[in-house]
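Listed below are the residues making up each chain.
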There are 2 protein chains.
Amino acid sequence: MTKPYIFLISDSAGETVDKVIQSSLLQFNRTESYQLIRSPYIEKPEQINQILTRASKNEALVCYTLVNPILRQYTQHLASELGVEVIDINGPIIDALGRLLKQKPKMVPGLAYQLDESYFKRIEAIEFAVRYDDGRDPSGIEKADIVLIGVSRTSKTPLSQYLAMKSYKVANVPIVPEVDPPKELYQTDPSKCYGLKISPVELNEIRKERLKTLGLRPSANYANVNRIREELDYFENIVEYLGCPVIDVTNKAVEETANLILQIQMTR
Amino acid sequence: MTKPYIFLISDSAGETVDKVIQSSLLQFNRTESYQLIRSPYIEKPEQINQILTRASKNEALVCYTLVNPILRQYTQHLASELGVEVIDINGPIIDALGRLLKQKPKMVPGLAYQLDESYFKRIEAIEFAVRYDDGRDPSGIEKADIVLIGVSRTSKTPLSQYLAMKSYKVANVPIVPEVDPPKELYQTDPSKCYGLKISPVELNEIRKERLKTLGLRPSANYANVNRIREELDYFENIVEYLGCPVIDVTNKAVEETANLILQIQMTR
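Predicted model only: the values in this text are computed from it and were never measured.

### Considerations on the interface of chain B and chain A
(1) Moving on: Counting from both sides, the interface comprises 80 residues of chain B and, opposite them, 80 residues of chain A.
(2) Moving on: For the pair chain B and chain A, the two sides together bury roughly 6,900 Å², of which 62% comes from carbon and sulfur.
(3) Moving on: Considering only the surface of chain B that becomes buried against chain A, Q27, F28 and L100 of chain B emerge as the three largest contributors, covering 11% of it.
(4) Moving on: The interface formed by chain B and chain A includes 10 salt bridges.
(5) Moving on: Between E85 of chain B and R99 of chain A there is a salt bridge; the shortest N-O distance is 2.5 Å.

### Digging into the layout of surface pockets
(1) Moving on: Of the voids in this model, the second largest pocket is the one considered here, and its volume is about 1,100 Å³.
(2) Moving on: Every residue lining the second largest pocket is counted, 40 residues in all, and those nearest its centre are E127 of chain A together with R153, I206, R210 and Y222 of chain B.
(3) Moving on: Of all the elements in the fold, those that place two or more residues in the lining of the second largest pocket are α5 (117–131) of chain A together with α7 (156–165), β6 (170–174), α9 (200–213) and α10 (225–242) of chain B.
(4) Moving on: Grouping the amino acids of the lining of the second largest pocket by side-chain chemistry returns 16 nonpolar, 7 polar and 17 charged.

### Some points on the state of the cysteines
(1) Moving on: Counted by the stated rule, this structure contains 0 disulfides over all chains.
(2) Moving on: C63 of chain A supplies the cysteine sulfur nearest to C63 of chain B, a cysteine that is in no disulfide, at a spacing of 17 Å.
(3) Moving on: Counting only cysteine sulfurs, C244 of chain B is the nearest neighbor of C193 of chain B, a cysteine outside any disulfide, at a range of 5.6 Å.
(4) Moving on: Residue C193 of chain B is classed as buried on the basis of its relative accessible area, which comes to 0%.

### Some remarks on the domain arrangement of chain A
(1) Moving on: For chain A, the assigned domains are domain 1 (5–113) and domain 2 (117–266).
(2) Moving on: Between the C-alpha centres of domain 1 of chain A and domain 2 of chain A the distance comes to 39 Å.

### Here we look at the pattern of salt bridges
All names here are of chain A.
(1) Moving on: A full pass over the atoms with the stated rule returns 32 salt bridges over all chains.
(2) Moving on: Between E230 and R227 there is a salt bridge, with the nearest N and O atoms lying 3.8 Å from each other. One end of the pair is E230 and the other is R227, both in helix α10 (residues 225–242) and 3 residues apart, which spans about a single turn.
(3) Moving on: Linked by salt bridges that have partners in common, E178, R207, R227, E230 and E231 make up one network.

### Regarding the nonpolar core
One broad trend across soluble globular proteins is that nonpolar side chains are buried collectively.
(1) Moving on: In this structure, I149 and L163 of chain A together with I149 of chain B are the most contacted members of the largest nonpolar core, which totals 93 residues.
(2) Moving on: Among all residues touching I149 of chain A, those that are not within four sequence positions of it are K156, V173, I175, L185, C193, Y194, G195, L196, F235, V239, L242 and C244 of chain A.
(3) Moving on: Residues V20 of chain A together with I89, I94 and L97 of chain B belong to the second largest nonpolar core, which totals 36 residues.

### Some points on the sheet that holds strand β7 (residues 193–197) of chain A
Residues and elements named next belong to chain A.
(1) Moving on: Strands sit in the order β6-β5-β7-β8 across an open sheet of 4 strands; the sheet is parallel. For this open sheet the edge positions go to β6 (170–174) and β8 (246–248), each flanked by a neighbour on one side alone. Between one strand axis and the next, the sheet turns through 25° on average, direction left out of account.
(2) Moving on: Taken together, the 3 bridges between strand β5 (residues 146–150) and β7 define a ladder with parallel strand orientation. Bridge assignment links V147 to a residue of β7, and that residue is C193.

### With respect to empty space enclosed by the protein
(1) Moving on: Per the stated rule, a full pass over the model turns up 2 cavities of 30 Å³ or more.
(2) Moving on: Put simply, the largest cavity is a space of about 40 Å³.
(3) Moving on: Along the walls of the largest cavity sit Y132, G135, D137, P138, I141, A171, N172, V173 and P182 of chain B, which together make up its complete lining.
(4) Moving on: As a volume, the second largest cavity reaches approximately 30 Å³.
(5) Moving on: Lining the second largest cavity are Y132, G135, D137, P138, G140, I141, A171, N172 and V173 of chain A.
(6) Moving on: Elements with a minimum of two residues in the lining of the second largest cavity: α6 (140–143) and β6 of chain A.
(7) Moving on: Broken down by element, the lining of the second largest cavity gets its largest block of residues, 3 residues, from β6 of chain A.
(8) Moving on: Along the lines of polarity and charge, the residues of the lining of the second largest cavity split into 5 nonpolar, 3 polar and 1 charged.

### Notes on the relation of the copies chain B and chain A
(1) Moving on: For the pair chain B and chain A, the relating rotation is 180°, the translation along its axis is 0.0 Å, and the fit reaches an RMSD of 0.0 Å. Read as a symmetry element, the transformation amounts to a two-fold axis. Scanning chain B for the C-alpha nearest the rotation axis identifies V130 of chain B, at a separation of 2.9 Å.
(2) Moving on: The fraction of interface residues of chain B whose copies in chain A are also interface residues reaches 100%, indicating that both copies meet through the same surface.

### What about the environment of K104 of chain B?
(1) Moving on: Within the secondary structure, K104 of chain B is located in the loop between α4 (91–101) and α5 (117–131).
(2) Moving on: Through-space distance from the C-alpha of K104 of chain B to that of I94 of chain B is 9.4 Å; in sequence the pair is 10 residues apart.
(3) Moving on: Ignoring anything within four residues of it in the chain, the contact list for K104 of chain B reads Q27 and F28 of chain A.

Calculation notes
- Per chain, residue numbering runs from 1 following the sequence as it is written.
- Chain A is the first chain written and ligand 1 is the first ligand written, with later ones labelled in order.
- Restriction of local features to residues with pLDDT of at least 70 applies here, the model being predicted, together with a cutoff of 80 or more for giving and counting side-chain atom pairs; totals for whole chains, interfaces and linings are based on all residues.
- Note: side-chain values were computed over all heavy atoms of the structure, leaving out hydrogens and water.
- Any two residues having at least one pair of non-hydrogen atoms within 4.5 Å are treated as being in contact.
- When two components associate, each loses some accessible surface as probed by a 1.4 Å sphere; the sum of these losses over both components is called the buried area.
- Salt bridges are identified by distance alone: a Lys or Arg side-chain nitrogen within 4 Å of an Asp or Glu carboxyl oxygen.
- We place a 1 Å grid over just the protein atoms. Points where a 1.4 Å probe fits but has no way out form a cavity, open points with protein on both sides within 12 Å along at least 5 of 7 lines form a pocket, and any residue with an atom within 4 Å of a point lines it.
- Grid points are joined across faces, edges and corners, and a volume is the space filled by probe spheres set on the points.
- Helix numbering and strand numbering both begin at the N terminus, where a helix is a DSSP run of H or I of at least 4 residues and a strand a DSSP run of E of at least 2.
- Amino acids are sorted into nonpolar (Ala, Val, Leu, Ile, Met, Phe, Trp, Tyr, Cys and Pro), charged (Asp, Glu, Lys and Arg) and polar (every other residue, Gly among them).
- Here, the term disulfide refers to a pair of cysteine sulfur atoms separated by no more than 2.5 Å.
- Buried residues are those whose accessible area, probed at 1.4 Å on protein chains only, stays under 20% of the maximum for their type, while exposed residues exceed 50% and partly exposed ones sit between those limits.
- Start and end positions for the domains come from either an automated domain assignment or a database one.
- Throughout this description, the term nonpolar core refers to a set of buried Ala, Val, Leu, Ile, Met, Phe, Trp, Tyr and Cys residues connected via side-chain atoms within 4.5 Å.
- In this description, strands pair whenever DSSP reports at least two bridges between them.
- Fitting a line to C-alpha atoms yields each axis, with helices limited to the stretch in contact; the angle taken between N-to-C directions then spans 0 to 180 degrees.
- Copy-to-copy superposition: least squares on the C-alpha atoms, limited to residues that have pLDDT of at least 70 in both copies.

Quick look at the structure:
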């Protein structure tokens, strides 16, 4: 039996159509029962024709993001002629936004990848998060938009990167009872600092897994519950003294924690 | 004059609806002429009712991602009753995928944030890219899925992070004429290595900007064209010797370079 095809057409790199299809596919069992075919940088009717013709010969669904309304119409018409199911991802939204904002859309593909000010701001934020990861250089604390504080294995690094992708400059500071936090932490605006708390039980599980990955025995001090409680107590003292918001990251994906932080950040 | 509203409703964190609206908004002039209101974690008809009622009192567009078909229908009906323009982002796709894959969708919100194997793989990749950034530890080269090679300011760090977000373990190696590349680079599979080349003129511009940001004079050796040519020649020799693919990053956004690398990677 041949697999059904899912074609993704985009006039640019195809990140939007990919995001929508990937999140929708999560609603189905992860089988290898379909074939995903990406066609980025499509700008000519002939290319559309080729893809839709191929789709019409198979069981297929075609999703597209095309900013040119003429190309969108062409796709729609040809699809109904060939009997192919197509879904226009952003066309209806661009049209509705045009009416709402009383503007004509620019109809220029790839605007997400312009090397403009906002692009360089994002790139700088990503480099910033790497440079000031794990308290490497406490001078980052003052320069940062957001400072994350937490004991080992509370997702400080990936969380910093997720926030960096949204153009926030993030520094993160590890908390270890044997080491005084950098003085810069006490000198900076506490409302931009976020403590990351976690349940000792979950942290214990995460650290045991971590040790396993590193090929170490799970009995190490690092994954000992008493040691973990000691670390979390020390952490509590610090964030209480700072008076900064504290987020519970227990059982949360970093995307969810990032969203919570940004919600607080926006009301600052 | 009051601004028109754009409401984003999601039964989860709202990343998909945000991605689609943000990429669509790029087609319009960046004015402060609208207000974006995000309503994540919406699961009850009463909440939908509240948002749509508010929307009906203003000029507004409502976009939503809801996996529950009953909630989707409720939104659709109420919107047409209240005369509010709504756009269902993923409903039509989930329905079409159900028909194509001959499966019933799970109808569980937030599946993108499950702390499952693929989540931890992604988190590990992000931490990996930070740990093995800028040739910090050459032992990362052998462990990596992808190794990026380039002179200073060829987007190695942000590119590593973009690929890490897609769960690839990436190490990057800076090329400086005065320093021999790590021996590990010559011992690893060259087909997973990617050289990042760039036009000397653009690199010169980028480095001059960089020096300005750092508060240094643009005349430093770092942004000198002869020095840049020397670095790029040295780089050319190394990637030629390795026989690895080389990507031209001149005027490319990191997302575009990442896509190019993944296209090659998938055919390996």
